[in-house]
Amino acid sequence: MNIDVLTLFPEMFAPVTSSILGRAAEKNLINIRLTDIRDFSNDKHNKADDYPFGGGGGMVMMADPIFGALEAVKAQGRKIIYMSPRGKILDQDKISELAELGDFVILCGHYEGIDQRVIDYWDMEEISIGDYVLTGGELPAMVLIDSVARLVPEVLGNAGSALDESIYSGLLEHPQYTKPRSYRGLDVPEVLVSGNHKLIDLWKFRESLMLTKKRRPDMFDEYVKKADGLSKEQAKIVEEISKTET
């Protein structure tokens, strides 16, 4: 997977060179290339922003340095994403789409945003990670990179780890426990140490359902509408929890 990131602050991207992503880069499973937009400024002070036409507070990133950076990474014809608070919210469908694509460019805005002509000329897709505003697009870009990279084959140590996340099935993840079995008077649920894998799976299913109904009733309702291929035991649990009050 090849990802070009255009930013005013490449030093912020240390997290994507660490841990699982760092090891994936060492194995050439992912290739994240950082480009400093300031390097393409024609200003002697490497200025990349200016006051907006029409007035208003803050500064706007200028078109010329961004054009130069996009041309330097040969962005023409590639998927280009602009991390923007006015974009469509990032979801699992978009993450899967980008993982399948395997090659794209991310532009990180800053200040009050970027010159609209950049977005129009390069036909960018605007993506947001939530209904709130951050100081720049760097943190959202890292969220996108991390979520997409998890779906690249061999990036995770366990090949099934990514798809095992219950969110992929439309439910929130069930509680997790590890050693010791008892800690400060709090015990691991007995079923998890029973060795009965069928009962364990049903417990996890029930817990995911209950948690999803409590915290994300919209997701729960969507799951119930689309759920198929359930066993008799699972269907009974769905019916039971659907009738409970949250």
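The structure we're discussing is the one just above.
Residues numbered from 1 in each chain as written. Predicted model: local features only at pLDDT ≥ 70, side-chain atom pairs only at ≥ 80, totals over all residues. Heavy atoms only, no water.

Visitor: Explain the pattern of salt bridges to me, and be specific about the residues and the numbers.
Guide: According to the stated counting rule, one finds 16 salt bridges in the structure shown. One salt bridge connects Arg 117 with Asp 115, and the closest N-O pair in it is separated by 2.6 Å. Among the ionic pairs, Asp 218 bridges to Arg 216, the shortest N-O distance being 3.1 Å. A relative accessible area of 45% places Asp 218 in the partly exposed class. Each of Asp 4, Arg 33, Arg 78 and Asp 103 takes part in one network of salt bridges that share partners. (Salt bridge = Lys/Arg side-chain N within 4 Å of Asp/Glu carboxyl O. Buried < 20%, exposed > 50% of the residue type's maximum accessible area, 1.4 Å probe, protein only.)

Visitor: Account for the nonpolar core, naming residues and giving values.
Guide: With 27 residues, the main nonpolar core has Ile 30, Phe 104, Ile 106, Leu 144 and Val 148 as its most contacted residues. Elements represented by at least two residues in this core include exactly strand S1 (2-7), helix H1 (19-26), strand S5 (79-89), helix H3 (92-101), strand S6 (103-108) and helix H5 (138-149). Examining the composition of this core, we find that six residues originate from one element, H5, more than from any other. Residue contacts for Leu 144: discarding those within four places in its chain leaves Ile 81, Met 83, Leu 90, Leu 98, Phe 104, Ile 106 and Ile 127. Grouped together as the second largest cluster of nonpolar side chains are 21 residues, Leu 6, Met 61, Ile 66 and Val 105 included. (Core = buried A, V, L, I, M, F, W, Y, C linked by side-chain atoms within 4.5 Å. Helix = DSSP H or I, 4+ residues; strand = E, 2+ residues; numbered from the N terminus. Contact = heavy atoms within 4.5 Å.)

Visitor: Could you give me a rundown of the packing of H3 against H5, with the residues and numbers involved?
Guide: Geometry of a packed helix pair, given as the angle between the helix axes and the separation of the axes. For the pair H3 and H5, the least separation of the axes is 9 Å and the interaxial angle reads 70°. Classified by the angle their axes make, H3 and H5 are roughly perpendicular. Between H3 and H5 lies a crossing of right-handed hand. Residue-level inspection shows Ile 95, Leu 98 and Ala 99 of H3 in contact with H5, the latter providing Leu 144, Ser 147 and Val 148. Tallied by class, residues from the contact of H3 with H5 come to five nonpolar, one polar and no charged. (Axes fitted to C-alpha atoms, helices over the stretch in contact; angles between N-to-C directions. Parallel < 35°, antiparallel > 145°, perpendicular 65-115°, else oblique. Left-handed = near helix turned anticlockwise from the far one by under 90°. Nonpolar A, V, L, I, M, F, W, Y, C, P; charged D, E, K, R; others polar.)

Visitor: With reference to specific residues and values, describe the packing of aromatic side chains.
Guide: Applying the stated criterion to the full structure yields four aromatic pairs. For the ring pair Phe 67 and Trp 122, a centre distance of 5.7 Å and an interplane angle of 70° mean the geometry is edge-to-face. Of this pair, Phe 67 sits in helix H2 (residues 63-72) while Trp 122 sits in helix H4 (residues 116-122), and the two are 55 residues apart along the sequence. The burial state of Phe 67 is the same as that of Trp 122; both residues are buried. By way of ring pairs, the aromatic residues Phe 67, Tyr 121 and Trp 122 are connected into one cluster. (Phe/Tyr/Trp six-rings, centres within 6.5 Å; stacked < 30°, edge-to-face > 60°.)

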